[in-house]
Amino acid sequence: MSATLTNDGIAERFELLADLLELEGAVAYRVLAYRRAAKTLRETPESVVRLSQQGRLTELSGVGDTIADKVAELIATGHIAALEKLVAATPPGVVPLMRVPGVGPKTAKRVFTELSLSSVDDVLQAARDGRIREVPGLGEKTEQAILEGLQAPRAQKRDRVSSGKLRPFAERIVAQLAMLDEVEDCDIAGSLRRFTETAKDVDVVVATTDPSPVAEAIVASDWVAVVESRGDTKVTCVAHDGTRVDVRMVEPAVFGNLLQHLTGSKEHNVAIREAAVRAGLKVSEYGVETVETGEVIRCRDEAQVYRHLGMDWIPPELRENRGEIEAARSHALPDLVELGQIRGDFHSHTDWSDGKQTLEQLVEAAMAKGYSYLNVTDHSPAVGFGMGLDAGRLRRQIERVRELAARLDGFTLLVGAEVDILKDGSLDYSDELMAELDVVVASLHASHRLDADAQTKRLCAAMENPHVDIIGHPTGRMLGRRDAYPLHMEAVVEKALETGTVLEVSGQPNRLDLRDANVRMAVEAGVKLAIDTDAHSRAALEYMRFGVMNARRGWATADDVVNTREWPEARRLLKDGR
DNA sequence: GCCGTTTTCGGCCCGACTGTTTTCAGTCG
């Protein structure tokens, strides 16, 4: 039973528990505590089941004895008694109703009790009959929102999309606004600024002394499908593809305060403000106020906000309340890796396998980016579809690469391979063949359904091979399509350290694998990383920036990343160079 | 229910906008 309990599944139950408690009218802070714990459990890179069995759950922030006991109960019995009891006492349909945008627990509860309803269908019928608007405090708009929300729950629950896809749109909006005379400054905020792996909306902040024409220009933009709300300082629109766009405007003198506020994360801001309150300060998007004197410090620049709170400026990628506030206070923030420090790419594909570009075109593109080396890694045969290189073709490719490399001046062209890790952990090329390659990336492309023990064993066996330098996209996830396969990440990190194997941080926007929390686990263990694009085209070489941002979210410094070094030094960090 | 740069008890971030109302609760981020 416990084998099927994922972190996400456990978090889901506490999420529901929080919703039901809120409906019941529980103390708000108790509800908040369950929500916080659910989020922590969901984002924990290690197995919550295992942490529970080791008695280590309360080490997680937001998880105390009560919640740890409930997790243990869930693992042991398959359910949480307190949750079952609340579920039984709540009419089915209240939870879906409270999750309709614009409807919260209070409204949902009122609808059910005032009209004596007992199901989603009842609510829909009541809305159609115009009975919702008869409930005191509710009106036509609410009735309409319920009707639409319940009939199209999927459309409302638009999935978060990869930030890589959303970012260009956000940049376009910023560029558009920056051209207006009334706009003094403009930036992306929110999760896109923090480079979270996915985002559900676009947040933009604007510095202006004249917000009205700016709001006018926004709602008149060609991308706007619906204007959801429009106030004096805030406009919310929905684009034609369903993307929600929030624009907030403030006077330039407090632009830094607003940018800090809207960059979040929510957890970061809450922690910042709680700390500020303890120091007698009040933080909002309009300034930092000394409560006792009423003096307000207004910050045009974001760094000033942090300085007034006694902290170093915190890079947006770290603002998740995962220790960055304490580090900023003691001047111990990491010196995060930067895009400009990347000297080469260890994972790329040409038209020898499934890449779009020829070898020559890809090399030219890498040189144009200012890199000093590129490792070409076409597929091995096991990947299927006949596109992988068999031993004969790989030998011919090695020759071709060596010939081309000899003609290049000031650029090191390396020949490698992305060799498949087979089901039993053995590799798709012989040791003799791999010995002829410069840098070998080993990846897993099939048999995703093995259980965690088998998958971990398989990956560890591959790392034992003396020719395997890098493990490509180590957890195999595809954002929005496929979860990471079950894996004991701690064991993988440990084996990487022991064998000197480098773990990849893929910049592919739909992979970002390792994910941030796993990057951090590797960094803390002292495992080296390679930030690669896994480019299958010239354009995809640009994915490096997403890889770098993701590594930054995992607290990686240039020192942690092998390809911030020139080739001779990078080589010494790989197995064959040792 | 959780937690500690004042705390093992007493607090727990802050403001904008909407809808339904005449002063604000509810919802959202």
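All values derive from a computational prediction rather than experimental measurement. (Residues numbered from 1 in each chain as written. Chains lettered and ligands numbered in written order. Predicted model: local features only at pLDDT ≥ 70, side-chain atom pairs only at ≥ 80, totals over all residues. Heavy atoms only, no water.)

1. A closer look at the environment of Ile 67
Put simply, the rule reads: Helical segments are the DSSP runs of H or I of at least four residues, strand segments are the runs of E of at least two, and each set is numbered from the N terminus.
Checked against the element boundaries, Ile 67 lands in helix H4 (residues 65-77). Placed 486 residues apart in sequence, Ile 67 and Arg 553 show a C-alpha to C-alpha distance of 28 Å.

2. Observations regarding the protein's contact with DNA strand B
Cut-off, in case you're wondering: Nearness here has a simple test: a residue counts as near a molecule or strand if at least one of its heavy atoms is within 4 Å of that partner. Two N or O atoms form a polar contact when they lie within 3.5 Å of each other; inside protein one atom must be a possible hydrogen donor and the other a possible acceptor, and for residues adjacent in sequence the pair counts only when both atoms belong to side chains. Gly is put with the polar residues, along with every residue not named as nonpolar or charged; the nonpolar set is Ala, Val, Leu, Ile, Met, Phe, Trp, Tyr, Cys and Pro, and the charged set is Asp, Glu, Lys and Arg.
As a structural note, the neighbourhood of DNA strand B is formed by 47 residues, with Gly 62, Gly 64, Gly 104, Gly 139 and Glu 274 the closest of them. Interatomic distance of 2.5 Å between a backbone N/O atom of Gly 62 and a phosphate oxygen of DNA strand B. One nitrogen or oxygen atom from the main chain of Asp 232 is found 3.3 Å from a phosphate oxygen belonging to DNA strand B. Considering each element in turn, the surface near DNA strand B owes the most residues, six residues, to helix H15 (residues 266-278). Grouping the amino acids of the surface near DNA strand B by side-chain chemistry returns 15 nonpolar, 14 polar and 18 charged.

3. With respect to the sheet that holds strand S2 (residues 183-189)
Working definition: the strands of a sheet are paired by backbone hydrogen bonds and lie parallel or antiparallel to each other. What counts here: Only strands that DSSP links by at least two bridges are regarded as paired with each other. Axis lines are fitted through C-alpha atoms, for helices just across the contact stretch, and the angle between N-to-C directions can take any value from 0 to 180 degrees. The contact rule is simple, with two residues in contact once any of their heavy atoms fall within 4.5 Å.
Pairing within the open sheet is mixed, and its five strands lie in the order S2-S4-S7-S6-S5. For this open sheet the edge positions go to S2 and strand S5 (224-230), each flanked by a neighbour on one side alone. Strand-to-strand, the axes of this sheet are offset by a mean angle of 20°, without reference to chain direction. Against the sheet, helix H13 (residues 211-219) makes contact with S2, strand S4 (201-208), S5, strand S6 (234-239) and strand S7 (244-250), and its axis sits at roughly 145° relative to S5, the strand it touches most.

4. Considerations on the packing of helix H8 (residues 120-128) against helix H9 (residues 140-151)
When two helices pack together, you describe them by how their axes are tilted relative to each other and by the distance separating the axes. To keep things clear, this is the line we draw: Orientation labels follow simple angle bins: below 35 degrees gives roughly parallel, above 145 gives roughly antiparallel, 65 to 115 gives roughly perpendicular, and whatever is left gives oblique. A crossing counts as left-handed when the near helix is turned anticlockwise from the far one by less than a right angle, and as right-handed when that turn is clockwise.
The contact between H8 and H9 brings their axes to 9 Å, and the two run at 140°. When the axes of H8 and H9 are compared, the pair comes out oblique. Considering how the two elements wind past one another, H8 and H9 form a crossing that is left-handed. Seen from H8, the contacting residues are Val 120, Val 123, Leu 124, Ala 126, Ala 127 and Arg 128; seen from H9, they are Glu 143, Ile 146, Leu 147, Leu 150 and Gln 151. Partitioned by chemical class, the residues of the contact of H8 with H9 number eight nonpolar, one polar and two charged.

5. Focus: the packing of helix H1 (residues 7-24) against helix H2 (residues 28-43)
Where H1 meets H2, the axes come as close as 8 Å, and the angle between the chain directions of the two elements is 170°. By the criterion of interaxial angle, the relationship of H1 to H2 is roughly antiparallel. On the side of H1, the interface is formed by Asn 7, Asp 8, Ile 10, Ala 11, Glu 12, Phe 14, Glu 15, Leu 17, Ala 18, Asp 19, Leu 21 and Glu 22, while H2 contributes Arg 30, Val 31, Tyr 34, Arg 35, Ala 38, Leu 41 and Arg 42. Residue composition of the contact of H1 with H2, grouped by class: ten nonpolar, one polar and eight charged.

6. As for unusual backbone geometry
Outside of glycine, negative phi angles account for most residues, and trans bonds account for most peptide bonds. To be explicit about the condition: Categorising residues by exposure relies on relative accessible area from a 1.4 Å probe, with only protein chains included: less than 20% of the type maximum marks a residue as buried, more than 50% marks it as exposed, and the intermediate range marks it as partly exposed.
The linkage connecting Gly 264 with the following residue, Ser 265, adopts the cis geometry, with an omega of 0°. Within the fold, Ser 265 resides in the loop between helix H14 (255-263) and H15. Along the chain, Asp 513 connects to Leu 514 via a cis peptide bond; the corresponding omega equals 5°. Residue placement: Leu 514 occurs in the loop between strand S16 (502-506) and helix H23 (516-525). The phi dihedral of Ser 116 falls on the positive side, at around 50°, and the residue is not glycine. Looking at the element boundaries, Ser 116 is found in the loop between helix H7 (105-114) and H8. We note that His 331 has phi near 55°; this positive angle belongs to a residue other than glycine. Secondary-structure assignment places His 331 in the loop between helix H17 (324-329) and strand S11 (344-345). A relative accessible area of 57% places His 331 in the exposed class.

7. Some words on the pattern of salt bridges
Formally: We define a salt bridge as a side-chain nitrogen of Lys or Arg found within 4 Å of a carboxyl oxygen belonging to Asp or Glu.
Across all of its chains, the model carries 42 salt bridges by this definition. Of the charged contacts in the structure, one is a salt bridge between Glu 302 and Arg 319, with a shortest N-O distance of 2.9 Å. Linking Glu 302 in helix H16 (residues 302-308) with Arg 319 in the loop between H16 and H17, this pair joins segments that are 17 residues apart in sequence. We note that Glu 302, like Arg 319, is buried. For Lys 495, the salt bridge identified is with Glu 498, shortest N-O distance 3.4 Å. With Lys 495 and Glu 498 both in helix H22 (residues 489-499) and three residues apart, the pair spans about one turn of that helix. Glu 498 sits in the exposed class, given a relative accessible area of 56%. Shared partners join several salt bridges into a network, and the residues in it are Arg 194, Glu 320, Arg 322, Arg 515, Asp 516 and Arg 553.

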